[in-house]
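# Descriptive analysis of the structure
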Amino acid sequence: MTVAADRVTTSLEAAPVPREPSPLAAWFSDGWITTRRNLIKIKRVPDVLVFTTLQPIMFVLLFSYVYSGSIQIPGSDYKEFIMAGIFAQTVVFGATWSGYATAQDIRDGIIDRFRTLPMRPSAVLVGRTNGDLLINSISMVVMILTGLVVGWRVRSSLLEGLAGVVLLLAFAYALSWVMVFIGLSVRSPEVINNVSFIVLFPLTFISNAFVPSENLPTPLRIFAEWNPVSALVLAARQLFGNVPPGMQVGDTWTMQNPVQAVLIGIAVLLAVFVPLSVWRFGRIGSRA
Amino acid sequence: MAFLEAEDLRVTYHPRKAPVVKALDGLSLDVPQGTVFGLLGPNGAGKSTTVKVLTTLIRADSGRARIDGIDVREDPEEIRRRIGVAGQYAAVDENLTALENLDMVGRLYHLSRTDSKRRAEELVALFDLGEAKSRPVKGFSGGMRRRIDLACALVISPAVLFLDEPTTGLDPRSRLGMWDVIESLASAGTTVLLTTQYLEEADRLADDIAVIDRGQVIARGTADELKARVGGRRIQLTLVSADDLPAAVAALQRVGTGAPDVSGDGRAASVTVAEGAPALAEVLAELARQGIELHDAGMQRPTLDDVFLRLTGHAAEDGEADETEGRKGS
Ligand SMILES: Nc1ncnc2c1ncn2[C@@H]1O[C@H](COP(=O)(O)OP(=O)(O)O)[C@@H](O)[C@H]1O
Ligand SMILES: [Mg+2]
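### Quick look at the packing of aromatic side chains
- Under the defined criterion, the tally for this structure stands at 13 aromatic pairs over all chains.
- Both rings, one in Phe87 of chain A and one in Trp152 of chain A, keep their centres 5.3 Å apart while their planes meet at 85 degrees; by these two values the pair is edge-to-face. Pair noted here: Phe87 of chain A is in helix α4 (residues 78-94) and Trp152 of chain A is in the loop between α7 (121-150) and α8 (158-185), with a separation of 65 residues, a long-range link. As far as burial versus exposure is concerned, Phe87 of chain A and Trp152 of chain A are alike and both buried.
- Between Phe93 of chain A and Phe201 of chain A the ring centres are 5.5 Å apart and the planes differ by 75 degrees, which places this aromatic pair in the edge-to-face class. Pair noted here: Phe93 of chain A is in helix α4 and Phe201 of chain A is in helix α9 (residues 189-205), with a separation of 108 residues, a long-range link.
- For Phe201 of chain A, a relative accessible area of 33% corresponds to the partly exposed category.
- An aromatic cluster of at least three residues, connected via ring pairs, comprises Phe59, Phe63, Phe93, Phe197, Phe201, Phe205 and Phe210 of chain A.
- Between the NZ or CZ atom of Arg237 of chain A and the centre of the ring of Phe81 of chain A, over which it lies, the distance is 3.6 Å.
- Of note, Arg175 of chain B hangs over the ring of Tyr198 of chain B, and the distance from its end group to the ring centre comes to 4.2 Å.

### Brief notes about the packing of α7 of chain A against α8 of chain A
Residues and elements named next belong to chain A.
- Two numbers describe how α7 lies on α8: the axes approach to 9 Å, and their chain directions differ by 140 degrees. The orientation of α7 relative to α8 falls into the category oblique. Of the two elements, α7 crosses α8, and the hand of that crossing is right-handed. Each of Leu125, Val126, Arg128, Thr129, Asn130, Asp132, Leu133, Asn136, Ser137, Met140 and Ile144 in α7 lies in contact with α8, whose residues at this interface are Val165, Leu168, Leu169, Ala172, Tyr173, Ser176, Trp177, Val180 and Leu184.
- Here the contact of α7 with α8 is composed, by residue class, of 13 nonpolar, 5 polar and 2 charged.

### Looking at the sheet that holds strand β2 (residues 21-31) of chain B
Residues and elements named next belong to chain B.
- Ordered by their spatial adjacency, 4 strands build an open sheet running β2-β1-β4-β5, and the pairing between neighbours is antiparallel. Unpaired on one side and paired on the other, β2 and β5 (70-71) mark the two borders of the sheet.
- As paired strands, strand β1 (residues 4-13) and strand β4 (residues 62-67) are joined by 5 bridges and run antiparallel to one another. What sits directly across from Glu7, in β4, is Arg64.

### Comments concerning the interface of chain B and chain A
- Residue-level contacts link 60 residues of chain B with 47 residues of chain A.
- Looking only at chain B, the three residues that lose the most surface to chain A are Leu108, His110 and Leu126 of chain B, adding up to 16% of its buried area.
- At the boundary of chain B with chain A, the tally comes to 6 salt bridges.
- As a salt-bridge pair, Arg120 of chain A and Glu77 of chain B come within 3.1 Å of each other at their nearest N and O atoms.
- Joining chain B to chain A, the criterion identifies 10 residue pairs in polar contact (both at pLDDT 80 or more).
- Counting residues per element, the side of chain B that touches chain A draws most heavily on helix α6 (residues 172-187) of chain B, at 7 residues.
- A class-by-class count of the residues in the side of chain B that touches chain A yields 29 nonpolar, 12 polar and 19 charged.

About the thresholds
- Residues numbered from 1 in each chain as written.
- Chains lettered and ligands numbered in written order.
- Predicted model: local features only at pLDDT ≥ 70, side-chain atom pairs only at ≥ 80, totals over all residues.
- Heavy atoms only, no water.
- Phe/Tyr/Trp six-rings, centres within 6.5 Å; stacked < 30°, edge-to-face > 60°.
- Helix = DSSP H or I, 4+ residues; strand = E, 2+ residues; numbered from the N terminus.
- Buried < 20%, exposed > 50% of the residue type's maximum accessible area, 1.4 Å probe, protein only.
- Lys NZ or Arg CZ within 6 Å of the ring centre and 35° of its normal.
- Axes fitted to C-alpha atoms, helices over the stretch in contact; angles between N-to-C directions.
- Parallel < 35°, antiparallel > 145°, perpendicular 65-115°, else oblique.
- Left-handed = near helix turned anticlockwise from the far one by under 90°.
- Contact = heavy atoms within 4.5 Å.
- Nonpolar A, V, L, I, M, F, W, Y, C, P; charged D, E, K, R; others polar.
- Pairing = 2+ DSSP bridges.
- Buried area = accessible area lost by both parts, 1.4 Å probe.
- Salt bridge = Lys/Arg side-chain N within 4 Å of Asp/Glu carboxyl O.
- Polar contact = N/O pair within 3.5 Å; in protein donor to acceptor, adjacent residues only side chain to side chain.

What follows is the structure, encoded as structure tokens:
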């Protein structure tokens, strides 16, 4: 590499001077730039996208053709029952990419680059969670289409159906912030996989996602009825008009008011984990 | 008041499951504008920690630091608008091309879309990054990444450019290239704070050097001043035949202030002496009397290695074995 001294001099003289945009403009610009970075990554490393679209298709097909013969839901078709569960399970797991990618960014050192630039710290994390939201939205569209092909129908109205989809994505988005916080706190990206496996597996499988909770043994039934994922699934199921008539959903407040419960859950997660993550982001360097 | 100044910085790390580390233990610096300042020290001396405090990556437990009168702790954002940083490990996005990396950095400095694009193109040309221009950084060599990283630090014309071990891990050719770039930047009037474990590097690039060890500045001055502190000269002999080595070492022993060093191939030996010229004359006379043939003989000022050994009681290269551990702890 040979760089002529005079070229460096001219180049530095010609270097642009940073502007000082208004805080709001800076925040939107920074958020967009970091989101764009994640979009480029999704494009360049399509594994994530392939995984997040193929897996839900497999799930939809598996549950609607393999299990629907053996699992009877009185007064309903298992396909209709299961779809909200598959959607919820997929977006909940989809939220873990944020944690993994955040931990990876720290390891790669790119976070240190961001932290020496005059950008809004929260923008990096917003860009991150936006990337998840996009991946989850794509999975969602793929699952809805596959579902419709195998015979799933929204029995309520289009508007309520959309509300169900938005609720699922919003919950996953809030969960992304939890995962970002974990990603900022762990030693290596691999830890994230373990954490998400240990926490998310019981949450999604000991729930009403794949079987009605009334059929579970008592301790598991109690867990399932308090489980936030159950509230999410039930909320989506209600909005889709897919709750089998006469099904015992459970007596807990969250099961009686699932939509409210999920909305409160989203608000609480965001209110706690957005500031917590931004705070953690500011002190990455000083940890062991 | 110096352009960049740090006063009594203290940083303690609290690793999980390990004793606390006093990484900076009352470190002070002052760097005049337009000069290259070298922070010289072995692995673990606190170089990166100093750079991290000055570049707002971590907060010192106590002490203060200012750049152009702006306090790094009180107004980190104002500092970030003015500095360029190339850390010890290239901080580039692997999935982006060189151009995309540079453009991203430009936009995060809040340059306009066109300014940022133009600057990215300029830097790609200036740093000879053509190859990586439109291919993701992933898959390029360490030297290339370092160049992209340095280019990222020069998207704006920084008031202070921080370079943390800019040549560690580079092959000799890339290292010379990096030195050229830093020298050009210096001659263009950029204020540079660079850290290094290489004494030769500080000697060549820095106007002013602070030798640091265990989080403290243990010596301060120009390369010449530091060398003068060790005093005396070094006499060096290269023999035609390795068989004569014992006789040569014996001759050096007699005039030297310490034990002679023998270098790798067994044909060269050197020793530090108080008075250069008479000692050299004496050694040459002695070897001539014994009929020993010399390839080369000379007198040298001490190297910074000697300085380091003298100041700290241990060699500068002590920690270098750890180098590959690298990223994990950073
Ligand atoms: N994040 C960290 N956690 C715990 N100890 C650290 C951390 N970073 C550095 N250290 C320790 O602090 C000391 C100074 O480190 P550093 O500033 O990286 O030195 P240098 O850059 O000169 O090699 C070393 O003993 C190092 O092990
Ligand atoms: Mg270091």
